[in-house]
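Now for the letters of each chain:
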Amino acid sequence: MPNIDLVSEDEARAIILQWGILHDRQAGLSWFLPIIASEAFYMRFGETSWIGYADFERHQIVKRKFFDELHSYSTILVSVQRPATTAKTVMLWTCRHRPEGSPTSELLKARLEHTWEFRRCPSTGRPYMQGHVVDRFEYLDGFRPLADPSTARSDDPHLDPRWPTTGAPAGATGDD
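Residues numbered from 1 in each chain as written. Predicted model: local features only at pLDDT ≥ 70, side-chain atom pairs only at ≥ 80, totals over all residues. Heavy atoms only, no water.

*Asks:* Tell me about the packing of aromatic side chains, residues and numbers included.
*Replies:* Centre distance and the angle of the planes are the two values used to describe a pair of aromatic rings. Summed over the entire model, instances satisfying the criterion amount to 12 aromatic pairs. With centroids separated by 5.6 Å and ring planes inclined at 85°, the aromatic side chains of F41 and F56 adopt a geometry described as edge-to-face. Remark: F56 occurs in helix 3 (residues 52-62) and F41 occurs in the loop between helix 2 (29-32) and strand 1 (42-45); sequence separation between them is 15 residues. When its relative accessible area of 1% is taken as the criterion, F41 is described as buried. Aromatic ring contacts, followed pair by pair, group W19, F32, F41, F56, Y73, W116 and F118 into a single cluster. (Phe/Tyr/Trp six-rings, centres within 6.5 Å; stacked < 30°, edge-to-face > 60°. Helix = DSSP H or I, 4+ residues; strand = E, 2+ residues; numbered from the N terminus. Buried < 20%, exposed > 50% of the residue type's maximum accessible area, 1.4 Å probe, protein only.)

Next up, the structure:
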């Protein structure tokens, strides 16, 4: 008999994919409400954490400097176990970014690894994402921000110059 209180692999995958689609569309908080925790929602990325809805809205506002976003998951490994269903993902993030004061935009591509936590609402049965952590973030060769590292903004870990650069895996740039 299945554990009805645990989020299934299919449900976790669907939430992850929906998360990517909503970010591609730069959706606001209200669009995410059906798939995220109503209490103690969290995101961690480097030294930055966002806790709760107000922080999530701030994250979404900061991310508006990135456009034409595409979140492409190449790996989704789900583990259904107590106390919560978890997942590990590998994703290619592609976007355009216009540095402040620049007349042109730049193409950015990065490989991200995440750890996700999923739970089920005991009263409604709704599966949701409790939160996720960026475990690894690497720009692909030739696709990191061109901005001067001394002007990096502490409010946006996406532009932190301390992230490493890696060679592009086959198919990652779309040129293959």
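Next comes the rest of the account.
*Asks:* Which residues make up the side chain of E106, and what are the values?
*Replies:* Its place among the elements puts E106 in strand 5 (residues 106-120). Buried and without a salt bridge, E106 has R96 as its closest oppositely charged side chain, separated by 8.1 Å. Residues contacting E106, with those up to four places away along its chain left out, are C95, R96, H97, P99, P145 and L146. (Lys, Arg positive; Asp, Glu negative; His and termini not counted. Salt bridge = Lys/Arg side-chain N within 4 Å of Asp/Glu carboxyl O. Contact = heavy atoms within 4.5 Å.)

*Asks:* Run through the environment of I15, naming residues and quoting values.
*Replies:* Within the secondary structure, I15 sits in helix 1 (residues 9-24). Owing to a relative accessible area of 5%, I15 belongs among the buried residues under this scheme. With near-sequence residues (within four places) excluded, I15 lies in contact with I35, F118, P127, Y128 and M129.

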